[in-house]
Amino acid sequence: MTGALDLAVYEVESLSSHEEVVYEDPTCWVSSAHRHFRADESLPVALFDHACWWRDAAVTSLQARGRPYRVVYSSQSVSGVIASVEAGIAVGLLGRSSLHGGLSVVNDALSL
(Lines give C-alpha, C1' and ligand atoms only; values in the text may rest on other atoms or scores of the structure.)
Protein backbone atom coordinates (compact mmCIF):
# COMPACT_ATOMS: atom_id res chain seq x y z
CA MET A 1 0.00 0.00 0.00
CA THR A 2 1.44 3.35 -1.03
CA GLY A 3 -1.09 5.59 0.69
CA ALA A 4 -2.07 7.21 -2.59
CA LEU A 5 -5.74 7.89 -3.28
CA ASP A 6 -7.45 6.69 -6.42
CA LEU A 7 -10.49 8.86 -5.78
CA ALA A 8 -11.48 11.53 -3.28
CA VAL A 9 -14.99 12.95 -3.00
CA TYR A 10 -15.21 16.27 -1.21
CA GLU A 11 -17.03 19.58 -1.30
CA VAL A 12 -15.59 22.80 -2.68
CA GLU A 13 -16.80 26.34 -3.16
CA SER A 14 -15.41 26.49 -6.70
CA LEU A 15 -13.70 23.94 -8.90
CA SER A 16 -10.00 23.82 -9.65
CA SER A 17 -8.75 22.66 -13.04
CA HIS A 18 -8.08 19.11 -11.78
CA GLU A 19 -11.50 18.66 -10.12
CA GLU A 20 -14.69 17.25 -11.59
CA VAL A 21 -18.31 17.66 -10.47
CA VAL A 22 -19.82 14.39 -9.26
CA TYR A 23 -22.93 15.81 -7.61
CA GLU A 24 -24.41 19.28 -7.13
CA ASP A 25 -26.43 20.08 -4.03
CA PRO A 26 -27.92 23.57 -4.32
CA THR A 27 -28.10 25.56 -1.11
CA CYS A 28 -31.23 27.07 0.36
CA TRP A 29 -32.24 28.87 3.53
CA VAL A 30 -34.10 26.50 5.80
CA SER A 31 -36.21 26.89 8.94
CA SER A 32 -38.19 24.58 11.15
CA ALA A 33 -41.55 23.75 9.60
CA HIS A 34 -43.08 24.80 12.94
CA ARG A 35 -41.33 28.14 13.44
CA HIS A 36 -41.82 31.49 11.75
CA PHE A 37 -39.72 34.58 12.32
CA ARG A 38 -41.08 38.13 12.17
CA ALA A 39 -39.85 40.26 9.27
CA ASP A 40 -38.96 43.08 11.67
CA GLU A 41 -36.76 41.00 14.00
CA SER A 42 -33.05 40.36 13.75
CA LEU A 43 -32.92 36.94 12.11
CA PRO A 44 -31.35 34.24 14.31
CA VAL A 45 -29.01 32.12 12.19
CA ALA A 46 -27.06 28.91 12.66
CA LEU A 47 -23.78 28.95 10.78
CA PHE A 48 -20.91 26.62 10.16
CA ASP A 49 -17.53 27.10 11.82
CA HIS A 50 -15.37 30.15 10.96
CA ALA A 51 -13.04 28.01 8.83
CA CYS A 52 -15.88 26.86 6.53
CA TRP A 53 -16.69 28.62 3.25
CA TRP A 54 -20.39 27.83 3.84
CA ARG A 55 -20.33 30.37 6.68
CA ASP A 56 -18.95 33.02 4.32
CA ALA A 57 -21.61 32.19 1.74
CA ALA A 58 -24.38 32.51 4.35
CA VAL A 59 -23.12 35.86 5.68
CA THR A 60 -22.68 37.21 2.14
CA SER A 61 -26.25 36.13 1.31
CA LEU A 62 -27.68 37.85 4.39
CA GLN A 63 -25.71 41.03 3.82
CA ALA A 64 -26.79 41.16 0.15
CA ARG A 65 -30.42 40.97 1.28
CA GLY A 66 -29.91 43.71 3.88
CA ARG A 67 -31.57 41.51 6.48
CA PRO A 68 -30.40 42.15 10.07
CA TYR A 69 -29.22 38.90 11.67
CA ARG A 70 -27.50 37.53 14.73
CA VAL A 71 -25.52 34.31 15.03
CA VAL A 72 -27.13 32.13 17.70
CA TYR A 73 -25.36 28.87 16.94
CA SER A 74 -22.16 27.77 15.24
CA SER A 75 -21.18 24.20 14.39
CA GLN A 76 -18.53 22.24 12.54
CA SER A 77 -21.13 19.78 11.29
CA VAL A 78 -24.24 19.69 9.14
CA SER A 79 -26.03 17.73 11.87
CA GLY A 80 -25.34 20.53 14.37
CA VAL A 81 -26.80 23.21 12.09
CA ILE A 82 -29.79 20.98 11.30
CA ALA A 83 -30.42 20.34 15.01
CA SER A 84 -30.57 24.06 15.77
CA VAL A 85 -32.90 24.68 12.82
CA GLU A 86 -35.14 21.75 13.81
CA ALA A 87 -35.32 23.12 17.36
CA GLY A 88 -36.68 26.38 15.94
CA ILE A 89 -33.94 28.60 17.33
CA ALA A 90 -32.48 29.60 13.96
CA VAL A 91 -32.51 29.42 10.19
CA GLY A 92 -29.59 27.86 8.35
CA LEU A 93 -28.08 27.70 4.90
CA LEU A 94 -28.09 24.02 3.95
CA GLY A 95 -27.90 21.81 0.89
CA ARG A 96 -31.27 20.64 -0.42
CA SER A 97 -30.20 17.06 0.28
CA SER A 98 -30.49 17.88 4.01
CA LEU A 99 -34.21 18.65 3.81
CA HIS A 100 -36.79 16.41 5.47
CA GLY A 101 -40.36 16.72 6.75
CA GLY A 102 -39.50 18.82 9.80
CA LEU A 103 -37.77 21.51 7.74
CA SER A 104 -39.05 23.98 5.19
CA VAL A 105 -37.33 26.11 2.57
CA VAL A 106 -37.50 29.81 3.28
CA ASN A 107 -38.45 31.94 0.30
CA ASP A 108 -35.82 33.96 -1.57
CA ALA A 109 -36.60 37.22 0.20
CA LEU A 110 -36.03 35.62 3.62
CA SER A 111 -39.35 37.02 4.80
CA LEU A 112 -39.91 34.44 7.46
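Conventions and cut-offs
Residues numbered from 1 in each chain as written. Predicted model: local features only at pLDDT ≥ 70, side-chain atom pairs only at ≥ 80, totals over all residues. Heavy atoms only, no water. Helix = DSSP H or I, 4+ residues; strand = E, 2+ residues; numbered from the N terminus. Expected span 1.5 Å × (residues − 1). Contact = heavy atoms within 4.5 Å. Buried < 20%, exposed > 50% of the residue type's maximum accessible area, 1.4 Å probe, protein only. Lys, Arg positive; Asp, Glu negative; His and termini not counted. Salt bridge = Lys/Arg side-chain N within 4 Å of Asp/Glu carboxyl O. Polar contact = N/O pair within 3.5 Å; in protein donor to acceptor, adjacent residues only side chain to side chain. Pairing = 2+ DSSP bridges.

A rise of 1.5 Å per residue sets the reference length of helix 1 (residues 53-65), with its 13 residues, at 18 Å; its end C-alpha atoms lie 19 Å apart and thus fit the reference within 8%. Looking at the buried residues of helix 1, the elements they touch are strand 1 (27-32), strand 2 (43-48), strand 3 (69-75) and strand 4 (91-95). The positive-phi residue at the C-terminal boundary of helix 1 is Gly-66, with phi of around 70 degrees.

Moving on, we get to the side chain of Glu-19. If you trace the backbone, Glu-19 turns up in the segment before strand 1. We note that Glu-19 is buried and unpaired, the nearest opposite charge coming from Arg-55 at a distance of 22 Å. Within the local environment of Glu-19, its side chain forms a polar contact with the backbone nitrogen of Ser-16, the two atoms lying 2.6 Å apart.

Take the pattern of salt bridges next. In total, this model carries 1 salt bridge according to the counting rule given. The partner of Asp-40 in a salt bridge is Arg-38, and the shortest N-O contact between them spans 3.0 Å. With respect to burial, Asp-40 and Arg-38 carry one shared label: exposed.

Here we come to the environment of Ala-46. Secondary-structure assignment places Ala-46 in strand 2. By relative accessible area, which is 2% here, Ala-46 ends up buried.

The element strand 1 is extensively covered by neighbouring structure, given that 5 of its 6 residues are classed as buried. Inspection of the sheet shows strand 1 paired to strand 4 by 4 bridges, in the antiparallel sense. Note on strand 4: the bridge partner recorded for Trp-29 is Leu-93.

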